[in-house]
Amino acid sequence: MHVQLLKLALGLYSVGLLHSVLTVLRKKQTLFKPAVVATLIGFACHVASIIARVYEQRTFPLSQPYESFSFFAALAVLASLIVYWRYKITSLGVFAFPAIFVMTFVAILQAYNAQDSVPELLRSRWIYIHTPLIILGYVAFFVAFSAAVLYLVQERELKRKRVFNRLPSLEICDDLAYRSLALGFPLMTLGILSGALYAQQVSLSWMSDPKTLLAFLTWLIYLLLIHYRLIAGWRGKKAAYLAIAGFVGVLVTFSFSGGFHANFHP
Amino acid sequence: MELALIGVSHKTAPVEVRERLAFSSDKIRAALATLLERTHAAEAMILSTCNRVEIVAQGPDAQLVQDFICEYHQIPAEAISKHVYSYKNAEAIRHLFRVTASLDSMMLGEPQILGQVKEAYRLASEAGTIGSSLSPLLDRAFAVAKRVRSETGISQSAVSISYAAVELARKIFGDLAGKTVMIIGASKMGELAAKHLKRNGVGSVLVTNRTFERAVEIAKIFEGAAVPFEHFTDHMEHADIVISSTGAPHFIITKSLAEQVIRNRRNKPVFFIDIAVPRDVDPLVNDIDNAFVYDIDDLQQVIDANMRERMKEAGRAEEIVDREVQAFCTRMQSREVAPTIVLLRETVDRVRREEIERYRKLLRDMPAEQQQATLAAIDQVTQSLMNKILHHPITQMKEMNSDPNGSEFVETVRKIFNIKLP
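Cut-offs and rules
Residues numbered from 1 in each chain as written. Chains lettered and ligands numbered in written order. Predicted model: local features only at pLDDT ≥ 70, side-chain atom pairs only at ≥ 80, totals over all residues. Helix = DSSP H or I, 4+ residues; strand = E, 2+ residues; numbered from the N terminus. Buried ≥ 20, exposed ≤ 12 C-beta atoms within 10 Å, placed from the backbone. Contact = placed C-beta atoms within 7 Å. Pairing = 2+ DSSP bridges. Axes fitted to C-alpha atoms, helices over the stretch in contact; angles between N-to-C directions. Nonpolar A, V, L, I, M, F, W, Y, C, P; charged D, E, K, R; others polar. Domains from an automatic or database assignment.

Looking only at helices and strands, chain A features eight helices and zero strands. When its helices and strands are written in sequence order, chain A yields α-α-α-α-α-α-α-α. For chain A, with 266 residues in total, the buried portion stands at 45%. Counting contacts in chain A only where the partners sit at least 6 residues apart, residues at least 24 apart contribute 79% of the total.

Here you go:
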């Protein structure tokens with residue numbers, strides 16, 4: 001049931017993917033409104049899918065890669081919709097729609113490996129603090145990354161004196177990147193802390209875990225970015241490059257599976 | 001009844017001709033009255049702008065309209081004949097729609113023409129020369145212009161230096177509210193750009209000029225502050241937008257100065273608009289992060305590109321106009337076709353009845369029963385004959401309903417059968 005609903009959501013998200021592909025190919029916004037509508041309906045299916053899984057498991061589903069990916073994707077949809085509603089930046093969809101599609105697709109692939117029992121190690125309340133915090137942080141960083149890319153594209157066009165696009169203004173891109181950074185950083189900080197505390201509790205040596213180290217390195221990049229923004233007044237291009245570097249770190253961390261996260265960490 | 005449009009425009013006549021044909025707005029009422037009298041038109045409107053002089057009229061003789069123009073302006077007919085264009089019915093409607101939608105303007109998509117047509121319409125209404133034909137036509141023309149404006153990008157992007165500056169500033173700053181603009185040097189173009197920026201939300205204005213009094217004067221216009229030219233660099237860090245147009249022979253904003261300014265602003269972006277020739281802002285400033293320099297050529301390039309974009313959009317606008325002309329003709333004709341069909345039937349039927357009546361007298365001597373039967377037979381035969389004969393003309397008229405030349409066709413039918421619409 002929950003997988004079927006998720007597949008339905010994926011089908012609806014594919015309209016957004018089509019929008020992005022056509023928009024890039026034709027260099028002209030195509031199918032944006034249908035994509036937003038389809039994504040809204042898809043999101044409803046997605047939420048229904050998660051609720052169905054809650055009923056099945058009798059607990060909030062976050063213990064397996066399938067569930068985390070699905071949750072991640074749902075939050076990404078929600079964040080995109082909120083940003084669209086607040087900022088009216090339609091060009092952000094070019095990044096958001098494919099990302100949502102890919103994440104949902106990966107979740108469905110993972111669904112076939114899903115087990116119905118919750119692993120021993122994860123039967124803890126910590127998991128409901130650690131995972132959502134990290135995922136929320138990642139979603140915020142994804143928004144910051146998209147805004148940074150838009151900034152760089154628009155900045156280059158302005159420097160080259162070609163301004164025939166519908167991209168948002170530099171100030172809006174920079175503002176969005178900064179706000180999502182300011183939101184994502186504390187979330188990720190708390191997420192890493194809660195993970196460390198939990199590891200301590202079940203006496204795992206998290207210091208030597210490669211995934212944890214990668215997460216820590218990524219966190220350092222963002223710390224640097226926050227520092228430069230606040231202290232040195234960095235903005236625009238330099239800040240955008242660093243936000244992109246940070247998100248590369250997120251992707252590496254996220255896709256790395258090894259160490260004690262191997263069996264259950266997305 | 002025929003709609004006619006006669007006129008000259010920047011496309012057919014040089015300014016020497018256009019200026020001689022212009023109607024000044026205070027004389028248009030009187031001119032319209034004379035026009036109706038001379039040309040037997042039922043309704044008329046005169047549109048007179050610096051780029052065109054056009055007369056739209058319902059039911060005139062086109063040649064008489066041309067004669068009226070010559071007579072009114074006391075110009076020999078030969079002097080204007082090769083510049084004048086004359087359209088009828090569907091073509092006249094199309095031309096009017098295109099003019100109103102700014103597709104025929106010198107500056108494609110410029111917004112003033114709509115207001116000018118509205119003004120012409122108002123003057124004609126006051127003169128009492130607008131009636132049931134021109135009123136719906138002009139209303140539709142305004143609606144079409146609005147549609148073209150909102151559905152195509154024909155009037156969207158900036159095609160003047162000062163609008164291009166506003167457009168670019170928006171690309172950098174988004175909302176211009178609360179931003180500060182600094183004007184260096186006193187030139188008309190700089191002033192105009194500042195005026196547009198101010199109208200689009202820019203908060204405060206700083207003005208500097210070698211002659212301080214002039215700076216004070218300009219600052220007064222914008223409710224801004226004047227800054228002595230010797231110290232303007234000290235104030236530059238407050239400016240988000242710098243418009244420079246001095247007569248200086250060398251760069252007055254060098255790379256090192258701009259770097260210093262950006263540093264003092266903690267990297268907040270600055271938009272340099274350099275409309276001076278020779279240039280005021282070192283082009284190398286554009287290489288600094290968060291500094292954007294546009295000189296007069298760059299702005300012109302933006303305008304050219306926008307102009308090309310407008311041309312592309314004009315194609316889509318023409319399609320809209322085509323569809324609208326078609327729809328309007330159909331609507332107007334269906335207003336004529338239905339009554340024509342009814343009257344046609346009535347006319348033929350009346351002839352038929354009269355003939356039967358005449359025949360009845362001839363059958364006087366027949367026995368009543370036989371007479372009844374004969375008359376019934378005649379009635380049936382003539383009725384079916386009438387239906388057969390009228391069948392084709394009526395279907396044709398209904399079909400021509402959606403044809404742009406349908407009006408003429410229906411008119412011909414009315415002439416043939418001597419039908420007069422009430």
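There is more to say after this.
With that settled, consider the sheet that holds strand β3 (residues 52-58) of chain B. What holds strands together in a sheet is hydrogen bonding between their backbones, with the strands either parallel or antiparallel. All names here are of chain B. Strands sit in the order β2-β3-β1-β4 across an open sheet of four strands; the sheet is antiparallel. One side of each edge strand has no neighbouring strand; the edge strands of this open sheet are β2 (43-48) and β4 (85-88). Averaged over neighbouring strand pairs, the angle between their axes works out to 10 degrees when direction is ignored. As judged from the four bridges shared by strand β1 (residues 3-9) and β4, these two strands associate in the antiparallel manner. The partner of L5 across the bridge, within β4, is Y87. Lying on the sheet, helix α2 (residues 28-39) is in contact with β2 and β3; it crosses β2 at an angle near 135 degrees.

The next thing to look at is the interface of chain B and chain A. Between chain B and chain A, the contact holds 19 residues from the first and 16 residues from the second. Considering only residue class, the side of chain B that touches chain A consists of eight nonpolar, five polar and six charged.

The next point concerns the domain arrangement of chain A. All names here are of chain A. Domain annotation of chain A identifies domain 1 (1-118) and domain 2 (125-266). Placing a centre on the C-alpha atoms of domain 1 and another on those of domain 2 gives a separation of 20 Å. Domain 1 puts 21 residues into the contact, and the matching count from domain 2 is 19 residues. Of all elements in the fold, only α3 (65-87) and α4 (93-111) reach the threshold of two or more residues within the side of domain 1 that touches domain 2. Of all the elements, α3 adds the most residues to the side of domain 1 that touches domain 2, at 10 residues.

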